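Notes for the structure review
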Amino acid sequence: MKVITGIDGGVSGEVVGWFGGEIWEAHRVVVTREHERRVLDIYGNLAILQSLAERAGGINRLFVVYEGSRKNTEWGIKNSFANGQNHEFWRVLLTLGGFEFLSVDPKTWQAYCFKGIPKAKPKERALKFVQKNCSDLAWL
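Read on for a plain summary of the structure. (Residues numbered from 1 in each chain as written. Predicted model: local features only at pLDDT ≥ 70, side-chain atom pairs only at ≥ 80, totals over all residues. Heavy atoms only, no water.)

Read across the open sheet, the 5 strands follow the order β3-β2-β1-β6-β7; overall the sheet is mixed. Looking along the sheet, the strands with just one partner apiece sit at the ends: β3 (24-28) and β7 (100-104). Between one strand and the next, the sheet's axes are offset by a mean angle of 15°, whatever the strand orientation. Bridging between strand β1 (residues 3-7) and strand β2 (residues 14-18) involves 4 bridges; their strand directions are antiparallel. Residue pairing in the sheet places Ile7 in a bridge with Val15 of β2. Relative to β3, helix α1 (residues 42-56) is tilted by about 170°, and along the sheet it contacts β1, β2, β3 and β6 (62-67). (Pairing = 2+ DSSP bridges. Helix = DSSP H or I, 4+ residues; strand = E, 2+ residues; numbered from the N terminus. Axes fitted to C-alpha atoms, helices over the stretch in contact; angles between N-to-C directions. Contact = heavy atoms within 4.5 Å.)

Right, here's the structure in full:
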């Protein structure tokens, strides 16, 4: 079985590996400052992915899914730019790192995971999903 790794790839996101059953490993994305802005750190995030691959038994046993960027007419230019930049960051990092990966539209995973979870903002609903389904991540 492949180890599934999911990434909420914004600067306040997480990288989470699922090793089957109730075995999870979660890491905050690594962020640095560049021109007074918080941006994703190349080497720090690559190190997280490499450690998950090592724990999985090799890079060929790891499958990474990251949340892609979507068009949203309600966002301003700053948010649209940041989301596009983060999407491209993960696409390039995963490609050059040799990882098998797929980008997923946020609405796709939310429609599946949020079934039965009361309406709220996406991050609040995601936390409720984790608390409901992943008891060993109660520290979140």
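Moving on: the side chain of Thr5. Turning to its location among the elements, Thr5 is positioned in strand β1. Exposure remark for Thr5: the relative accessible area of 0% places this residue in the buried category. Ignoring sequence-local partners within four residues, the contact set of Thr5 consists of Val15, Val16, Gly17, Leu49, Leu52, Leu62, Phe63, Val64 and Val65. (Buried < 20%, exposed > 50% of the residue type's maximum accessible area, 1.4 Å probe, protein only.)

Let us now look at the pairing of β6. When β1 meets β6, the two strands line up parallel, connected through 5 bridges. Within the sheet, the bridge partner assigned to Gly6 lies in β6 and is Val65. Pairing analysis gives 5 bridges linking β6 to β7, with the strands arranged parallel. Bridging across to β7, Val64 finds its partner in Phe101.

Here we take up the pairing of β3. Here β2 pairs with β3 via 5 bridges, running antiparallel. Each residue of the ladder has a partner; that of Val15, found in β3, is His27.

So, about the pattern of salt bridges. Under the criterion given, the structure shown has 4 salt bridges. Ionic pairing is found between Glu14 and Arg28, a salt bridge with its closest N-O pair at 2.8 Å. One end of the pair, Glu14, is in strand β2; the other, Arg28, is in strand β3, and 14 residues separate them in sequence. In this structure Arg28 comes out as exposed when scored by relative accessible area, which is 58%. (Salt bridge = Lys/Arg side-chain N within 4 Å of Asp/Glu carboxyl O.)

To continue, consider the environment of His27. As for its placement among the helices and strands, His27 is situated in strand β3. Here the alpha-carbon distance between His27 and Glu14, two residues 13 residues apart in the chain, equals 5.5 Å. Residue contacts for His27: discarding those within four places in its chain leaves Gly13, Glu14, Val15, Ile48 and Leu52. Among the polar contacts listed, one links the side chain of His27 to the side chain of Glu25, at a separation of 2.6 Å. (Polar contact = N/O pair within 3.5 Å; in protein donor to acceptor, adjacent residues only side chain to side chain.)

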